[in-house]
Amino acid sequence: EEHNIDREILLFRYAVGVATDAEKEEVEKLIAASKEILDELTSVKEAIRINGKIQEFESYDIHTGYKNVRGIIRDSGKQRRRLQFLSRAAAIFTLPLLITTLTFGYLAFHKPPEEIVYAEIISAPGLVSRFELPDKSKVWLNSNATLRYPVRFDKRKREVELTGEGYFEVRSDKEHPFYVNTPAGVKIMAHGTQFNVHAERKITETILAEGKVTMLYKEQSLKELNQGEQASYHNETGRLITKEVNLYEKLAWKDGKIIFRNAPLNEVFEQLSKRYNVDIVL
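Residues numbered from 1 in each chain as written. Predicted model: local features only at pLDDT ≥ 70, side-chain atom pairs only at ≥ 80, totals over all residues. Heavy atoms only, no water.

## Notes on a nonpolar patch on the surface
Turning to step 1, where the next piece is worked out: A grouping of Ile258, Tyr276, Val278 and Ile280 is seen on the molecular surface, where their side chains present a nonpolar patch of about 340 Å² in accessible area.
Turning to step 2, where the next piece is worked out: Note on placement: Ile258 falls in the loop between helix H6 (247–251) and helix H7 (265–276). (Patch = residues over 30% accessible without salt bridge, like charges linked within 9 Å, V, L, I, M, F, W, Y side chains within 5 Å. Areas by Shrake-Rupley, 256 points an atom, 1.4 Å probe, with all protein chains shown as cover. Salt bridge = Lys/Arg side-chain N within 4 Å of Asp/Glu carboxyl O. Helix = DSSP H or I, 4+ residues; strand = E, 2+ residues; numbered from the N terminus.)

Below you can see the structure in the form of structure tokens.
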């Protein structure tokens, strides 16, 4: 690997506090110009800290300590058994010391990624389920809907996966956008807002109740919705259809109500079948 030796020496002098004013000014300029320099300086400081730990471990005089303890217990009735124990302890102590030293170095420069643990909520047939996410956002799941989410959100964003119908009341956090992933590949992005998502394999339907949301497909923006607007994306054709809707009529399901206005009978039976988990033949 190629290294800039002069820069490394400069960063080392800065880290241990022996840099001149001119050298400090040069380092601060480098940091302002590149984030990589800041990361490199952090690594240098960490290496210095680890070196101090290693020197601290090496300063322990194992053999002198062993002799002192042996002298204390010499007249004890359990001398022989304790001496055997201490002999084994003294023999194996150097190995953990070496392992500890190597572990410090490895953990400092090879931090393993945190394992993401997921939870899954499934709304029982015929029921509406309500619960809170780790960030205190509220979610209502309609009958047979499934929501999968991490038990601890990522430091950069909040992301969940929805199949079926769900209503989200997202806690405002502009630094950590909220994403709902759907089976059709559509994402709904929000910061702090209230919206409804009906996610199936072939179609994704979003209704904005309050605030602002954006529909995305393959990281490309499809539509930024206005309040009271519904957007339906058809995965097979790529068509996006938007229209104004009655929010009370469309969102009453989360309060245990079903409202029909000028709806055809087959749509009425379809909704009733889903709500009560029964088959209705027309």
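## Here we look at unusual backbone geometry
Turning to step 1, where the next piece is worked out: Even without being a glycine, Lys218 presents a positive backbone phi close to 55°.
Turning to step 2, where the next piece is worked out: Looking at where Lys218 falls in the secondary structure, it is placed in the loop between strand S10 (213–217) and strand S11 (220–225).
Turning to step 3, where the next piece is worked out: Unusually for a residue other than glycine, Glu219 sits at a positive phi of about 65°.
Turning to step 4, where the next piece is worked out: On the secondary structure map, Glu219 appears in the loop between S10 and S11.
Turning to step 5, where the next piece is worked out: Exposure remark for Glu219: the relative accessible area of 57% places this residue in the exposed category. (Buried < 20%, exposed > 50% of the residue type's maximum accessible area, 1.4 Å probe, protein only.)

## Focus on the layout of surface pockets
Turning to step 1, where the next piece is worked out: In this structure, the largest pocket encloses a volume near 720 Å³.
Turning to step 2, where the next piece is worked out: Surrounding the largest pocket, 27 residues form its lining, His198, Glu205, Lys250, Glu267 and Gln271 being those nearest its centre.
Turning to step 3, where the next piece is worked out: Within the residue set of the lining of the largest pocket, elements represented by two or more residues are strand S8 (194–199), strand S9 (203–210), H6 and H7.
Turning to step 4, where the next piece is worked out: With five residues, the single largest contributor to the lining of the largest pocket is H7.
Turning to step 5, where the next piece is worked out: When its volume is computed, the second largest pocket comes out at roughly 460 Å³.
Turning to step 6, where the next piece is worked out: Taken together, the elements giving at least two residues each to the lining of the second largest pocket come down to strand S4 (146–150) and strand S5 (158–169).
Turning to step 7, where the next piece is worked out: Residues of the lining of the second largest pocket, tallied by class, amount to seven nonpolar, one polar and ten charged. (1 Å grid on protein atoms, 1.4 Å probe; cavity = no way out; pocket = protein on both sides within 12 Å on 5 of 7 lines; lining within 4 Å. Points joined across faces, edges and corners; volume = space filled by probe spheres on them. Nonpolar A, V, L, I, M, F, W, Y, C, P; charged D, E, K, R; others polar.)

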